[in-house]
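Each chain is listed here by its residues.
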Amino acid sequence: MTTRIAIVGCGFIGGIHSRALKGLIGGGLVDARVVAVVDRDAERAASFAAAHGADVVTDEPADAIAGADAVWICTPTSSHRALIEQAADAGVAVYCEKPLATSVDDVLAMTHCVEKAGLAHQVGLVLRAAEPFVTLQRLATDHASAGRPMAIVFRDDQYFPNQGQYGSDWRADVAIAGGGALIEHSIHDLDVLAWVLGPIASVTCRTANYAGHDGIEDVAVVTAEHASGATSSLISVWHQVMSRPSTRRVEVFCERALVWLDDDMAGPVHLVQDDGEQIIPTQTGANWVEQLAVPAPWRPGLAAYAAADKEFLTALAAGTPPAPGFEVALAAHLVAEAAYRSAAAGGAPTPVARPVALL
Ligand SMILES: NC(=O)c1ccc[n+]([C@@H]2O[C@H](COP(=O)([O-])OP(=O)(O)OC[C@H]3O[C@@H](n4cnc5c(N)ncnc54)[C@H](O)[C@@H]3O)[C@@H](O)[C@H]2O)c1
């Protein structure tokens, strides 16, 4: 049965999902149709509607959600919870962008809400679908070859995202974004650290604010102690270097391997062992990505988002739980929350709260 999709939020990330979905649908890779689009900005909504031949174009999410089987929530962070509650009322599956919310309380409420309503749910922690990261995680957790993973050095930097390709100003408003570089952008990175090295037990964190927007840190330095005994360090920076829109460099040290990348979307991944360095090609340009019905130059940049969207739609069609679900996001939010507490206490070691203790 064709899955009827509503897209709520026709901005930057809504546009990426819109193109990914158009490519997947046009390429015959999923059986779905975008039937409704929603934005407060009528012009944006109209342009999305034209791209998909959507039947419903509105600024009222409830009208769009009611006629859909699945909704992509692509609005600024503070609006996600109310939209999830509307989707739950309508019994519609949800793909919600990260961060799920501006506070752990809201993330918990949203996780309860989708579980209580029995909704299929996926969060836009899209690095888990990016082939370079899939490859890095696979190589670093291949204990037979690499030994135990010991430590990660993770650097993530981008220009302050209220300019350039982001073209909106809400990321400088703490009431909407919930914080700065750590929660708004590096929630992805906190999730990757736990994906590769296992759950994070405690953190220390320091933050700084150079741009001067209240509550919006543009430097966050986190040291994480994982339950396995491994350690990781994340430096996340929002600067003003306009030639660096978003860039990650990650080095995973295992007992018998160094696995590293410095292009999070295109790869390649480097594997260094006793016999020297190998370049491990990733599949970004291969197989189904080539079937995306979009101009060829768009495919590498869309690949991770298309993979996540495809995963969600395939799981819905099969009746299996999509991944990563809200529980994965909750774990990352708990780490971010502990990091902010640590920073507020001058960098004190701070245990990560366990979700069971909060429920
Ligand atoms: N997964 C990723 O890689 C990724 C990348 C960028 C952004 N995001 C996340 O996606 C979300 C949106 O970010 P963005 O950069 O696309 O923002 P944006 O400002 O570019 O777009 C948001 C759109 O939502 C519309 N809007 C706002 N509130 C609305 C409401 N209540 N109902 C209907 N429309 C509404 C706005 O008019 C705008 O067109 C944020 O949570 C952000 O953190 C995720």
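So, how was this worked out
- Residues numbered from 1 in each chain as written.
- Predicted model: local features only at pLDDT ≥ 70, side-chain atom pairs only at ≥ 80, totals over all residues.
- Heavy atoms only, no water.
- Bend = angle between axes of the 7 residues up to and from the residue.
- Helix = DSSP H or I, 4+ residues; strand = E, 2+ residues; numbered from the N terminus.
- Buried < 20%, exposed > 50% of the residue type's maximum accessible area, 1.4 Å probe, protein only.
- Axes fitted to C-alpha atoms, helices over the stretch in contact; angles between N-to-C directions.
- Parallel < 35°, antiparallel > 145°, perpendicular 65-115°, else oblique.
- Contact = heavy atoms within 4.5 Å.
- Nonpolar A, V, L, I, M, F, W, Y, C, P; charged D, E, K, R; others polar.
- Near = heavy atom within 4 Å.
- Polar contact = N/O pair within 3.5 Å; in protein donor to acceptor, adjacent residues only side chain to side chain.
- Areas by Shrake-Rupley, 256 points an atom, 1.4 Å probe, with all protein chains shown as cover.
- Domains from an automatic or database assignment.
- 1 Å grid on protein atoms, 1.4 Å probe; cavity = no way out; pocket = protein on both sides within 12 Å on 5 of 7 lines; lining within 4 Å.
- Points joined across faces, edges and corners; volume = space filled by probe spheres on them.
- Pairing = 2+ DSSP bridges.
- Buried area = accessible area lost by both parts, 1.4 Å probe.
- Salt bridge = Lys/Arg side-chain N within 4 Å of Asp/Glu carboxyl O.
- Left-handed = near helix turned anticlockwise from the far one by under 90°.

**Here we look at helix α11 (residues 299-318)**
Alright, step 1. If you look at α11, its biggest bend is around 35°, right at Tyr305.
Alright, step 2. Taken together, the buried positions of α11 are occupied by Arg299, Leu302, Ala303, Ala304, Tyr305, Ala306, Ala307, Ala308, Asp309, Phe312, Leu313 and Ala315.
Alright, step 3. Looking at the residues trailing α11, positive phi occurs at Gly319, about 70°.

**Thoughts on the packing of helix α4 (residues 80-90) against helix α5 (residues 104-117)**
Alright, step 1. Two numbers describe how α4 lies on α5: the axes approach to 10 Å, and their chain directions differ by 10°. With respect to each other, α4 and α5 are oriented roughly parallel. Contacts from His80, Arg81, Ile84, Glu85 and Ala88 of α4 reach α5 at Asp106, Ala109, Met110, Cys113, Val114 and Ala117.
Alright, step 2. Its residues placed into classes, the contact of α4 with α5 shows 7 nonpolar, 1 polar and 3 charged.

**Looking at the site of the ligand**
Alright, step 1. The immediate surroundings of the ligand are formed by 23 residues, with Ile13, Asp39, Arg44, Arg171 and Glu184 found nearest.
Alright, step 2. The separation between an oxygen atom of the ligand and a polar side-chain atom of Trp170 is 2.9 Å.
Alright, step 3. Between the ligand and the protein, one listed contact pairs an oxygen atom with a side-chain N or O atom of Tyr305 at 3.1 Å.
Alright, step 4. Across the complex, the protein chains shield 91% of the 850 Å² of accessible surface that the ligand would expose by itself.
Alright, step 5. Tallied by class, residues from the shell around the ligand come to 8 nonpolar, 8 polar and 7 charged.
Alright, step 6. Counting the residues that make up the shell around the ligand, at least three belong to each of domain 1 (3-126) and domain 2 (127-286 + 331-344).

**What to know about the layout of surface pockets**
Alright, step 1. Size it by volume and the second largest pocket reaches roughly 290 Å³.
Alright, step 2. Broken down by element, the residue count for the lining of the second largest pocket peaks at 4 residues, all from helix α12 (residues 326-344).
Alright, step 3. In terms of residue class, the lining of the second largest pocket is made up of 11 nonpolar, 1 polar and 1 charged.

**As for the sheet that holds strand β3 (residues 56-58)**
Alright, step 1. With parallel pairing, 6 strands are arranged side by side in an open sheet as β3-β2-β1-β4-β5-β6. The two strands at the open ends of the sheet, each matched to only one other strand, are β3 and β6 (121-123). Averaged over all pairs of adjacent strands, the angle between strand axes in this sheet comes to 20°, irrespective of strand direction.
Alright, step 2. Pairing between strand β4 (residues 70-73) and strand β5 (residues 93-96): 4 bridges, direction parallel. The partner of Val71 across the bridge, within β5, is Val94.
Alright, step 3. Most of the contacts of helix α2 (residues 42-52) go to strand β2 (residues 32-38), to which it runs at about 165°, and overall it touches β1 (3-8), β2 and β3.

**Quick look at the domain arrangement of the protein**
Alright, step 1. Here the domain parsing of the protein yields domain 1 (3-126) and domain 2 (127-286 + 331-344).
Alright, step 2. Relative placement of domain 1 and domain 2: their C-alpha centres are 26 Å apart.
Alright, step 3. Taken together, the contact pairs 14 residues of domain 1 with 19 residues of domain 2.
Alright, step 4. Both sides together, the interface formed by domain 1 and domain 2 hides about 1400 Å², and carbon and sulfur atoms give 65% of it.

**Concerning the side chain of Asp189**
Alright, step 1. Along the polypeptide, Asp189 turns up in helix α10 (residues 187-197).
Alright, step 2. Assessed through its relative accessible area of 0%, Asp189 is described here as buried.
Alright, step 3. Here Arg248 takes part through its side chain, which lies 2.7 Å from a polar atom of the side chain of Asp189.

**Quick look at unusual backbone geometry**
Alright, step 1. Looking along the chain, the bond that leaves Lys98 and enters Pro99 is cis, with omega of -20°.
Alright, step 2. On the secondary structure map, Pro99 appears in the loop between β5 and α5.
Alright, step 3. Ala323 connects to Pro324 through a cis peptide bond whose omega is 0°.
Alright, step 4. Inspection of the secondary structure assignment puts Pro324 in the loop between α11 and α12.

**Concerning the pattern of salt bridges**
Alright, step 1. Counted according to the given criterion, the structure contains 18 salt bridges.
Alright, step 2. Two residues, Glu184 and Arg171, come together in a salt bridge whose shortest N-O distance is 2.8 Å. Residue Glu184 is found in helix α9 (residues 181-185), and its partner Arg171 is found in the loop between β7 (149-159) and α8 (174-177); the two are separated by 13 residues along the sequence.
Alright, step 3. One salt bridge connects Glu251 with Arg249, and the closest N-O pair in it is separated by 3.1 Å.
Alright, step 4. Assessed through its relative accessible area of 27%, Arg249 is described here as partly exposed.
Alright, step 5. Ionic contacts of the salt-bridge type, sharing partners, join the residues Asp156, Asp189, Arg248 and Asp264 into one network.

**Considerations on the packing of α5 against α12**
Each pair of packed helices gets described by two things: the angle between the helix axes and the distance between those axes.
Alright, step 1. Running from N to C, α5 and α12 cross one another at 170°; their axes reach a closest spacing of 10 Å. Considering the angle they form, α5 stands roughly antiparallel to α12. By crossing handedness, the relation of α5 to α12 is classed as left-handed. Only Phe326, Leu330, His333, Leu334 and Glu337 of α12 make contact with α5, whose side of the interface consists of Val104, Val107, Leu108, Met110, Thr111 and Val114.

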